[in-house]
Amino acid sequence: MSEHRIAMVGTPCEIMAASKLQYYTDSPIDVKLGLFCMENFSYKYFVNLLKEYDLKMDDIEKFQIDKGFVSLLLKTKETVKIPLSVAKRIIRKNCNICVELTSETSDISVGSIGSDEGWSTLIIRTEKGEEIVNEAIKQGFIESKEFTESQFNLLCKIAETKINKNLENIEKREFLARPVLYQRNKSDSSISNEISESEFLDLRSNVIDVGACVLCGACEYACPDNLITIDDTKPRMRGECPDDCHACFTVCPRTFIPEDLRNDNSKAIGDFIKVLSVKSLRHTQGQDGSIVTTLLDYLLTNKIVTEALIVDKQDHLAWKPYAKVTSDIDEVVKSGGTKYSVCPVFKPLMDMEEGVN
């Protein structure tokens, strides 16, 4: 067992990768805080899009997606709005086959859809998540109020819209022989048989080369021989897979999903215990009421976890995301806010286990 107990923050695909790591390996990830996510953007293409508005990434203080626009709050305090109809051309290809809005395999999901301004929508999914939220309320980290029926219906409607739109995309891809394995309805025994015959070459042909890779880095992290490297483009193999190793194919969020983790798409937001509107009583930075920051503060302060796995933006390259593990709440606060781009989120776990600072 690992001496580390990690609280992870991630998008639906990253949370699914974490869930598969928990399911198949001895993972140090103990608490999963999932984000609501419609899609993410290519960092490179975002830089090019901003040029059309005579802007640079370094001009931007904060991103927000709301009411059909990507709103950019500039450091000059001006706001520039880019219609989502324009921004959609820079969406990463793999996002068009994602049917999860609310990180369904997390312990707690957080987003803004449905709640009043300044509040967050919080979905409690597990007993562990319920205990965390109840204690965070009791200790004065957050406050809560009921999530109304109309708010819940709005959340489900938007989730269903994503499901239906992307199921159409999946059907088109399958017709063109571009597989979407994670949506296959297979038994666990059938999945086990598939895994036993699959290695990196199968991952490359079925996920990476067909534009389904989410760039999470789970394959790189799980490789026992450190043969996989992942950069801003896609995972690459150095050398050959050893006999009878299927780790990369097993943990990828875009390969077959075990029955215990699978939603048949009949439940718009997956299984849950309760949905609340919540607000932070400790922090004001970040997005969605700073709830993710506040929950991490609660978890670290109470030593429920030893570290948090978070995504920050690089100092030398504006808004370029990178993942890190930290136990410093000041670093957690600094990292608050969605980056709307992706990075290999599991890479810091490799450094942690190798003792790299």
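Residues numbered from 1 in each chain as written. Predicted model: local features only at pLDDT ≥ 70, side-chain atom pairs only at ≥ 80, totals over all residues. Heavy atoms only, no water.

1. A look at the packing of aromatic side chains
Here a ring pair, both rings aromatic, is described through the centre-centre distance and the interplanar angle of the planes.
Alright, step 1. A full pass over the atoms with the stated rule returns seven aromatic pairs.
Alright, step 2. Against the face of Trp 119 rests Lys 145, its NZ or CZ located 4.3 Å from the ring centre.
Alright, step 3. In this structure, Arg 254 is placed above the aromatic ring of Tyr 182, and the distance from its NZ or CZ to the ring centre is 4.3 Å. (Phe/Tyr/Trp six-rings, centres within 6.5 Å; stacked < 30°, edge-to-face > 60°. Lys NZ or Arg CZ within 6 Å of the ring centre and 35° of its normal.)

2. So, the environment of Ser 327
Alright, step 1. Position of Ser 327 relative to the elements: it lies in the loop between strand E13 (321-326) and helix H11 (329-334).
Alright, step 2. Here Ser 327 falls in the exposed class, since its relative accessible area comes to 51%.
Alright, step 3. Sequence separation between Ser 327 and Glu 307 is 20 residues, and the spatial gap between their C-alpha atoms is 4.5 Å.
Alright, step 4. Setting aside residues up to four positions removed in sequence, Ser 327 forms contacts with Leu 300, Thr 306 and Glu 307. (Helix = DSSP H or I, 4+ residues; strand = E, 2+ residues; numbered from the N terminus. Buried < 20%, exposed > 50% of the residue type's maximum accessible area, 1.4 Å probe, protein only. Contact = heavy atoms within 4.5 Å.)

3. Section: the sheet that holds strand E5 (residues 79-83)
Alright, step 1. Strand order across the open sheet formed by three strands is E3-E4-E5, with antiparallel pairing between neighbours. If you trace the sheet from one side to the other, it starts and ends with strand E3 (60-66) and E5, each paired once. When strand polarity is set aside, the average angle formed by the axes of neighbouring strands in this sheet is 20 degrees.
Alright, step 2. When strand E4 (residues 69-74) meets E5, the two strands line up antiparallel, connected through five bridges. Bridging from a neighbouring strand, Leu 72 pairs with Val 80 of E5. (Pairing = 2+ DSSP bridges. Axes fitted to C-alpha atoms, helices over the stretch in contact; angles between N-to-C directions.)

4. Looking at the sheet that holds strand E1 (residues 6-10)
Alright, step 1. Spatially, eight strands are ordered E8-E11-E7-E6-E2-E1-E12-E13 in an open sheet, and the strand pairing comes out mixed. Each having just a single partner strand, strand E8 (142-146) and E13 make up the two edges of the open sheet. Strand-to-strand, the axes of this sheet are offset by a mean angle of 30 degrees, without reference to chain direction.
Alright, step 2. The strands touched by helix H10 (residues 291-301) within the sheet are E1, strand E2 (29-35), strand E6 (108-111), strand E7 (120-124), E8, strand E11 (274-280) and strand E12 (307-313), with E2 carrying the most contacts at an inclination of about 165 degrees.

Don't take any of this as a statement about function, it's just geometry.
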